[in-house]
Amino acid sequence: MFEVSSTTAEREQKPSPVLNAHVSDVIQRATTSEVTTAVDSSSSTELDSHANMVVLGKQAYVLNDSGKTAQVSPFTPDYDSMTDVPIVDAAIAYDCPITLKTYILVCHNALYVPAMDHNLVPPFILREAGLEVHDTPKIQVTDPTVEDHTIYFPNDDVRIALSLNGIFSYFPSRTPTRQELDTADVLVLTPEGSTWNPHDSAYADNEENMLDWRGDMVEPKDRDRIVLEELPDDERMLSSAKVSLEENVAIDAVSSAADAVCKRAHISSLISPILDPVLLSEALEERAAAGRFAMSVGSTNACFDEYLFDEIKDRGEKPFRLQGSSKTMDLLRVHKDLDSYEQNFYAGAAHAEPPKGVSAQYLSKIWKIDLDSAKKTLNVTTQKCKRADDPSLSRNYSTNDRMLRYKRINQYFFMDTFFATKKAGKSSRGNTCCQLFVSDKGFVYVVPMKSKSEVPAALKMFAKEIGAPDVIVCDNGGEQKSKAVKKFCYQIGTTLRYLEESTPWSNAAELYIGLMKESTRKDMKASDCPLVFWDYCMERRARVNNLTAKNLFQLEGQTPHFTVTGEEGDISNLCQYDWYQWCYYREQGAAFPMHREVLGRVLGPAKGEGNEMAQWILKSNGNVVPRRSLRPLTVSETASETEQKKRETFTALITTRHGGSVPRRPNAKESDDDSDDDDDYVDNYLQEYGDDDESPRFIPEIADPVDAAGNAINQQPLYDQLIHAELILPQGEAMQMAKVLRRHVGPEGKVIGEYNETPIWNSIVYDVEFPDGEIKEYAANQIAENMLGQVDNEGFTLCMVDAIIDHAKDGHAVEKEDQYAVTKRGQRRLRKTTHGWKLLVRWKDGSTTWVPLKDMKESHPIESSEYAKSQNIHTEPAFVWWVAHTLKKRDVIISSVRTRLKRTTHKYGHEVPNNLEHARKIDLKNGNNFWQQAIEKEMLNVGIAFEILQDDEHTPVGWKLVTGHVIFDVKMDFTRKARWVLDGHKTAEPIISTYAGVVSRESVRIALTYASLNGVDVMAADIRNAYLQAPSSQKDYIVCGPEFGLENMGKRAKIIRALYGGKTAGRDFRNHLRSCMKHLGFVSCKADPDVWIRAAKKDDGSEYYEYVLIYTDDVLVVSEHGENFLRNQLGKYFELKEESIGAPKIYLGGRLSKVTLVNGQECWGFSSSQYVQESVKNLEETLEKQGLKLPARANTPLTSSYRPEIDVSGELQPNQASDYQSYIGILRWMVELGRVDICCEVSMMSSHLALPREGHLQELYHMFAYLKKYHNSEMVFDPSEPDIDESQFQEKDWTTSEFGDCTEEELPANMPMPRGLGFRMRAYVDADHAGDSITRRSRTGFLVYLNKAPIYWMSKKQTSVETSSFGSEFIAMKQCTEYIRGLRYKLRMMGIPCDECSYVYGDNQSVLYNTTIPESTLKKKSQSIAYHFVREGAARNEWRTAYVNTHLNVADLLTKTLPFGAKRSGFVKMVLHHIFGDMD
C-alpha cells in the first residue's frame, strides 16, 4: 500500500490510491540491489502492463515536487517497507534516431526512485493521456507497418519507435540538459491532473458497459459513460426508518401530491405572491445573497445600462500630450514604427524571485476582496503551479488540456448579451459585446463577441469549457432563441427556457450582470487602463469571482467554481498579478543583442494559450501576446527614475494607439464619417438616437401657428403648468427621467386636445424629451398621473436609491490612528462618528448626488454597509463601529422570518410522526393502532418493488447504492398513511420532467357538468400502490433496514419498481399510465394533458366523448360504461382498489354525490362540509387548551366594517404567526373546495401572512365561527340551460372599426370534432375601486358559469393603482375575458361544442359602452391594452357584454365584504345550496 502524505483533512477527504504488488517489487529490488540492464547503460523507459503508476529513475529531471509521498509495502516479507517515496512531475529526454531531434517527455504524478536506472510506464496510462500505443512487436504482426510497435502523439504528429529487450518493449531515454529544457519540443506522456487513482471503479464499469447481456457491442449512443468526477463517495449507509423534520419537508411534495398541488392551484393567486411567508423568506434570502455577492466582487453598484461604458458626452478634451523630458518627446517624433520601441523596455536591474504562494493580505489587495474572504479562498483553493526557485525567467511547459466530452452540470444557468460600447470604438480584439452566463449559485462565465450573431458560438464555447447545464434561461431576444441555439441545446440535452420580466430569475440574473459590469469598470478606472481592453478585464474579473469563497449560504464555504466543477479551484495564475500590473516578460525570439526581458502590462490569465500559468501581456507596440515566463517589478525598479521614464514612454505609446481610460473617438475604419474635424465629429455624435432596431427620429422644428394678428391659434396660455416639468416616464422596458418640452403640433399645425388648468382634465398632447434625445408624445392626463405617483403627501418628489457608486472623505474625517478615544477611566472606546465622509448616490431617475454618510446610514443602512464592505473601507473609523452590526442584524431579520414558516408536525389537525418509535408513542397516547396498521400495510405492499439479493450474490455492474426510509402522512379523509420512500433529495436532479399527472379542478367541474348534460355515468377508482406498478427507469439498490425484518436487515436489494421519493418515480408512473391510455385508444387533451378523451357511441347510437381524468393515482371516468372500462380495460393492466370502484364519493378532498333538483334534473354536487367541520373541531380543541373559544355569533366571515390593512394591533409572536399561516392554508383549501362565500375575505387576510397582528388572528377565529354555523354547503353542477335575455347582447357590425379585418374567432387547427351537447357560458365581473385603504389598489372579482354550474371564481388585488373606477373596471373586464378565451379553448380541445359566444355581465356603463360600440374612442391611453383586447374579442364574437344592476351582480361578493342581509344571502345562494338551511 502507499498513501499520500498530506494534512489530516486531505486524508479524510480523498481515499489513498493503492500501489500494486508488481510496482512495489520493482522498487524494492531497485533500492536493495544493484540493477543492471542489457540495453543502453544511460537509461531506458520500458512499457510495463503490470504497473499501475509511472516510476521514474535517477535519469529523470524533476520539474515540480507535489509535496506528496508514497509508502510502499511489498508483497513478500523479504523486503522492508519504503516510506516517503516522492510523487513528482518530471521530464526525460528522447533522441529520435530518424529525425535527430530531441524531445522532452513530461510525466505527471510519477513515483521518483533515484536508485533505479530505468523507468516504467504502463501502456494504460499512456492511452488515458490520448496517445496511441501499438505495443505488439512487428515480428508478431501479419502485415507490419511503420505504425506497429510505436507510441504515437496525435496532437503533435510525433511517433516514437519501440525496441525489444528480450520480450519487453522499451525506448531509450536520458536526462535532459538545461538548454534542452528551454529549447526542445515538449510532449506530455501521461494524463494531467493533481492525482492519479488507478483503482477507480469507473474504468471497470465503463468496460463492462461496452457489452450487453448477450455479449454484443452496445451502440455508442446507449453506452452509460461514467466520469471519475461524477462518482459518489463510497458510503455504506443503512436505510433508516427515521426521518427528520427537514427530510419530512423535502419529501412532503412527493408523498402528498394532492396537498402540494392544492397550494399551486388558483387559490395561491388570491394574494400577492410576495406576501406569502415562504416567498417572503426566499426573497429576503435572495436580497441578502445578492448583497453578499456584491460585496465579494467589490461593487454594490449594479450597472443595468445596455452598454458597459457611457456614451461620449463631451469631446472637448485636449489631445494627448506626453508628460516627460524633451528627449523623450524627440524619441516619439523620430520613431514612428511602434515595434521599434520594444528595445527600450528591457530589465535593467536584478531579477525578482516570484513567491511560491501568495498571502491572504496580498490576495485581498490584488483581487479587491476583504481579508476574511481572501483567507477562506486560500483555504478552499490550491496553488499547484508554483515557480521553481530559479532566478532566471526559464521556460515553462505547456499543458495538453482537451475537452473530451461535454460535462453535465446539475444547475440552472441564465445567459444574456450586453454591449460594451456603441460609439467609442471596439475592443482591441474587435469585440463589441459579451455573452454572460450566470448560475444560480453565482458562477459567472463570459465570452466576448464581435457581434451578437456570435451567440451560438459563445454557447458552444461555454458548453465545451464548463459543461452542459440542465437548463439555460434567457430572454426573448432574437439571438437567444435562434435556430442554431435551439439546435445546439437540443443536441447537448439542455432545456432552453425563455424568461418573463420581473421574475426572481430575471431580477437575480440582471443584478449579477450589473455587478460584474460595475466591478469591471472599477478595475479599469483604478488602473487607468485603456477602455479597449475591457474584454480582458471582464474575463479576469469573472475568474476572480468564481474562485472567491464568498459568504453565501448556498456555497457552503466553497467557491462558485467548486459548485459547478466539483473541484477545488486553483488560483496560481490569478494570485500573482493585479489587473494591468507592470511586469517584465521573457521574449524567447529576441535576437542578439536585444534583451530577452521586456517591459509589459499583465491583462490576466491567457485562457487557451500556452499552459495554465500563461498570462496575456500588453507589449509596447500595443499588441497583446500570451507569455508564460514573466515576473513583477522589483521595489528598486519601481522607484528607479530610469524605469519610470520607460513606463511613461510605454504609456504614451499605448495611449497613442489604443486611447486612454475615457471613450476615444472612433478611428477612420470604425467611423462612417470621413472628416477628421473634431467639430464635425461632435455634431455627428449629437445626432438623434438610432440603433440596429430603430431608425433615428427627426422632429422638425415648427413655429407656433398664429393668426393674421399674430395671436396663437388654439394654444394654451404661457402659464401652462406642465411645460418644463420633469418626471419619470417609461422608455422601452426602463423608466427614465424626462422633460416636458412643448405642445405637440399635428400635421395641420394645430395642437391635439383642449387645454384645462386642472392637469387631470387637460387633454392636450405634449412633446416629452428623454436623456438620449428621443422625443415622444404623451397626453396631459398621463403625465399628471405619473407626477402624482412620484410625489409624497406634501408634493415633494420621491426618488428611490439605485446604487452607491463612489465615496469621498475630507480633512475632518477621523483617521485610523485616532479611531479610539480614551475615557476618564482610561478605557479605549471607538469613536462613533461619520463626520467628514460622504457617498455618491445614483437615484432611480439617473441623477447623482453626494449625500453625507450620516444621512445614508440612517436611511439606507444595509446598502451603505454592503458598499463599505465591497470597497474594503468597512475598517475605517466612520464605518467600523456599525457596519458589522448592521449586516448581522440583516441576517437576524431573515432568520426571524424563517421561524414563522408553517409547522409540519400536524396535518389536518392530527399529529404526524417522524419515525417508527414516534408512531408507536402516538398510537399509545391515542389508544389506537392507526399508525401501526399503516406501517404494516405499506411494507406488505412495497415488497414487490425489491429483489433481495443473498449474501453470495453480487450487485450487477452499473447499479448504484441509494438510501430510503419511512415517512408518514394524513390523507384528506384523515386516513393514516405510511410510505417507504427513497431519499431522492440525496440524488442528482434529472434533466427531464419528473412529475406525475395532476388534472386541474376546473377540468373536473367541466367533466361532471358534461356528464349530467349528456346523460352519462361518472365512475371513480384508485390505483393500488400506483408507483409500484410502474417499472423503474433507474438502476438503484439499497441496504435493507430494520423495517424489512430482522431476517433481511443488512442485505442488498435491487429496486425494480418505481418508488415514492425517487426523482423519476412520478415520471415513470406517468409514462407507464400514458402508454396504457394510448394503447386503449385514448388521446391526451392538448389543453389539459391529464384529461384523456376517446370517441364513443351510446347505446341509442348518439355520439359523445368518454373522458378519463387522472390525478396521480385517482381515476375519474365519464362514460356510459364507466365500470366496464375500469374493471375490464384499465383494470387489466393496473391493480385497482376494489372498494374504490364505483360512483365517486370522495374526490380531491370533497364529497361527491348525485342530487336531484326541483326541476327534476339529476346532477352532481360537491360538498366541503366534512372538511370544514373537522377543521373547526381541531381549532376548538386547540383554543380550549389555551382557555379560549370561538365567537358565539358570526353571520359574516369578517366582523362588520373590518379592514385588515388598517389594523394596528400588536404583532403576533412567532408561534402565533405560524398558527395564523396554518389557518390561512386551511381556509384557502376550503375556497378551492367550493366555499366561494369566503373567497374575498380569505384573499384579504392572506395579504398579511408576512406580518400578522393580533386583530388579524381574532378575525380568523371569527371566520371559523362563521364556518361552524354555516358548514352545510354544497356546490351543484347544474347543467340546466340558463335564461339569457339575448336582446341585451345584440351583435354589432364591426366592419368599419379598427377590427374590421378580424370578425371571426380563430379556432384551434388541431381541435377534435365536437360531440354531444355543449354549454352556454356566462360570466359576472366587478371591481372594487381603490378598495385597499393603504395602497389604494382595486380588487378584481369574477365568476364563470357553464349553463348554471359555477366553474371558476377569482378574487385578486390588482397590480396597479387606477385613478378612476373606469380604469379598475376595465382591468377587471380584461382579466375576466382573458380567462374566458382560455376556457373556450379548453372546451374545444375536449371536444365539447362551443359555437355560441360568451355572455359577460358588468355594472360599469362606461366600460360596457367602450367594449360594445364599434365607433367608441378611448379616452384614457393608460387603459389602451385592456381596451383593445376586450374590443377585439367582441369583434370576433368570442364574447358580448351587457349591463347588470350592481344589486344583481354576483361578482360583488368577490370584491368587497358585504354586510349580513338579503343581498349577501342572495349572492351566496346563487352559488351554494343548503348553506342557510330554512332560508333556502
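Attention in this report is confined to the structure presented alongside it.

## Remarks on the packing of aromatic side chains
Across all of its chains, the model carries 35 aromatic pairs by this definition. Arranged with centres 6.1 Å apart and planes meeting at 40°, the rings of Phe1342 and Tyr1379 form a pair that is tilted. Taken together, the residues Phe1342 in strand E50 (residues 1339-1346) and Tyr1379 in helix H34 (residues 1365-1389) connect sequence positions 37 residues apart. Each member of the pair Phe1342 and Tyr1379 is classed as buried. Clustering of aromatic rings is evident, with ring pairs tying together Phe413, Phe437, Phe443, Tyr445 and Phe462. The side chain of Arg601 reaches across the aromatic face of Trp582, ending 3.7 Å from its centre.

## Regarding unusual backbone geometry
Leaving glycine out, the prevailing phi sign among residues is negative, and the prevailing peptide bond configuration is trans. Located in the positive-phi region is Leu100, a residue other than glycine, with phi close to 65°. Here the phi dihedral of Asp528 falls at roughly 55°; this positive angle occurs in a residue that is not glycine. The residue Asp528 is located in the loop between helix H14 (504-527) and helix H15 (534-546) in this model.

## What about the pattern of salt bridges?
It is possible for side chains bearing opposite charge to pair when their charged atoms get close. What the rule picks out here adds up to 53 salt bridges. The salt bridge involving Glu1002 is made with Lys1386; its shortest N-O contact spans 2.6 Å. One end of the pair, Glu1002, is in helix H27 (residues 1001-1014); the other, Lys1386, is in helix H34, and 384 residues separate them in sequence. Assessed through its relative accessible area of 7%, Lys1386 is described here as buried. A salt bridge links Asp1090 to Arg1070; the nearest nitrogen and oxygen atoms lie 3.9 Å apart. One end of the pair, Asp1090, is in the loop between strand E41 (1083-1084) and strand E42 (1091-1097); the other, Arg1070, is in helix H28 (residues 1065-1079), and 20 residues separate them in sequence. Connected through salt bridges with shared partners, the residues Glu1281, Glu1286, Arg1320 and Glu1396 form a single ionic network.

## Remarks on the sheet that holds strand E39 (residues 1031-1039)
The strand order across the open sheet built from four strands is E34-E40-E39-E35, with neighbouring strands paired in mixed fashion. With partners counted over all chains shown, the strands left at the sheet margins are strand E34 (946-948) and strand E35 (960-961), one partner each.

## Structural notes on the packing of H34 against helix H35 (residues 1405-1412)
In contact at an axis separation of 9 Å, H34 and H35 are set at 55° when each is read in the N-to-C sense. What the angle tells us is that H34 and H35 run oblique. Crossing handedness for the pair H34 and H35: right-handed. Of the residues in H35, those touching H34 at Phe1366, Glu1369, Phe1370 and Met1373 are Ser1406, Val1407, Leu1408, Asn1410 and Thr1411. For the contact of H34 with H35, the per-class residue count stands at five nonpolar, three polar and one charged.

## Looking at the pairing of strand E49 (residues 1321-1328)
Summarising burial for E49: eight of the eight residues are buried, a large majority. Of the two faces of E49, the one carrying Met1321, Ala1323, Val1325 and Ala1327 and the one carrying Arg1322, Tyr1324, Asp1326 and Asp1328 are both buried. The sheet contact formed by E49 and E50 spans eight bridges and is antiparallel. Bridge pairing links Tyr1324 to Leu1343 in E50. Sheet topology places E49 next to strand E52 (residues 1398-1402); three bridges connect them, and they run parallel. Looking across to E52, one finds that Ala1323 is bridged to Val1400.

Parameters at a glance
Residues numbered from 1 in each chain as written. Predicted model: local features only at pLDDT ≥ 70, side-chain atom pairs only at ≥ 80, totals over all residues. Heavy atoms only, no water. Phe/Tyr/Trp six-rings, centres within 6.5 Å; stacked < 30°, edge-to-face > 60°. Helix = DSSP H or I, 4+ residues; strand = E, 2+ residues; numbered from the N terminus. Buried < 20%, exposed > 50% of the residue type's maximum accessible area, 1.4 Å probe, protein only. Lys NZ or Arg CZ within 6 Å of the ring centre and 35° of its normal. Salt bridge = Lys/Arg side-chain N within 4 Å of Asp/Glu carboxyl O. Pairing = 2+ DSSP bridges. Axes fitted to C-alpha atoms, helices over the stretch in contact; angles between N-to-C directions. Parallel < 35°, antiparallel > 145°, perpendicular 65-115°, else oblique. Left-handed = near helix turned anticlockwise from the far one by under 90°. Contact = heavy atoms within 4.5 Å. Nonpolar A, V, L, I, M, F, W, Y, C, P; charged D, E, K, R; others polar.

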